[in-house]
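Residue-level listing of the chains:
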Amino acid sequence: MLLIINLDARQDRRAFMDRSCVAPLRAIKTDVAYVRAVAASEAASAQSLSSFELDESKLEALLDAWHSSGCEAVARSGLERYYLRPVSNEEKACTRSHRLAWQKAKEAMREDADLKWVLIVEDDCVPCLHPAAESQWSAFYGPAWQVAWRHIAKAMESCGEDFDFVYVGRHRLGPEDE
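Notes on the structure in this doc start here. Please read these numbers as outputs of a predicted model, since none were measured by experiment.

A few points about a negative patch on the surface
Part 1 of the argument: Residues Asp31, Glu107, Glu111, Asp112 and Asp114 make up a contiguous surface patch of negative charge.
Part 2 of the argument: Relative to the elements of secondary structure, Asp31 occurs in the loop between helix H1 (11–27) and strand E2 (32–36).

Re the sheet that holds strand E1 (residues 2–6)
Part 1 of the argument: With parallel pairing, 3 strands are arranged side by side in an open sheet as E2-E1-E3. Where the open sheet ends on each side, the last strands, each with one partner, are E2 and strand E3 (119–122). Each neighbouring strand pair of the sheet contributes to a mean axis angle of 30°, computed without reference to strand direction.
Part 2 of the argument: The sheet contact formed by E1 and E3 spans 4 bridges and is parallel.

Details of the packing of aromatic side chains
Part 1 of the argument: All chains considered together, the criterion is met by 4 aromatic pairs.
Part 2 of the argument: With centroids separated by 4.8 Å and ring planes inclined at 85°, the aromatic side chains of Phe16 and Trp137 adopt a geometry described as edge-to-face. Linking Phe16 in helix H1 with Trp137 in helix H6 (residues 137–159), this pair joins segments that are 121 residues apart in sequence. Both residues of the pair, Phe16 and Trp137, count as buried.
Part 3 of the argument: Ring plane angle 35° and centroid distance 5.0 Å describe the contact between Trp117 and Trp149, whose orientation is recorded as tilted. Here the residue Trp117 occupies a position in the loop between helix H5 (89–111) and E3, and Trp149 occupies one in helix H6, the gap between them amounting to 32 residues.
Part 4 of the argument: Between the NZ or CZ atom of Arg14 and the centre of the ring of Tyr34, over which it lies, the distance is 3.6 Å.

Each value, and the rule that gives it
Residues numbered from 1 in each chain as written. Predicted model: local features only at pLDDT ≥ 70, side-chain atom pairs only at ≥ 80, totals over all residues. Heavy atoms only, no water. Patch = residues over 30% accessible without salt bridge, like charges linked within 9 Å, V, L, I, M, F, W, Y side chains within 5 Å. Areas by Shrake-Rupley, 256 points an atom, 1.4 Å probe, with all protein chains shown as cover. Salt bridge = Lys/Arg side-chain N within 4 Å of Asp/Glu carboxyl O. Lys, Arg positive; Asp, Glu negative; His and termini not counted. Charge placed at Lys NZ, Arg CZ, Asp CG, Glu CD. Helix = DSSP H or I, 4+ residues; strand = E, 2+ residues; numbered from the N terminus. Pairing = 2+ DSSP bridges. Axes fitted to C-alpha atoms, helices over the stretch in contact; angles between N-to-C directions. Phe/Tyr/Trp six-rings, centres within 6.5 Å; stacked < 30°, edge-to-face > 60°. Buried < 20%, exposed > 50% of the residue type's maximum accessible area, 1.4 Å probe, protein only. Lys NZ or Arg CZ within 6 Å of the ring centre and 35° of its normal.

Here it is as structure tokens:
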């Protein structure tokens, strides 16, 4: 099953996912559903931490943990960028949206005993980095989604059932300060 997080206000992204991803995956018998994303304006009043702020010792401990796990490339300045600032309304909304998707995945797995895993993506996800014109979305991204889905399914099957969460990652397309 694939769940796609989509803001009501971003029908352009929904159209992109419908043509590039949803139709091709449904053609290979994959269940696909949308999860309504929480807007930043809705999250503004949400109770949450006011910041990710860590005191000096906890920041050092976090840096040590990253380095001891083999991630030497993680710099203190990178951690400071994320942990020494306020939490934005967009981050609150993103977190709430993903929690809604996790809840929907949990419900789907409870209802279908054969469902072993669910992939959750945002509405700008692409299976490969290749800009395709709108007229080519289905022709280019469709087969790429089908291939990616088969690879993901094979990888998930090899994991067995000893996991609760697998983070596939992301690719930053814009400048670092976005």
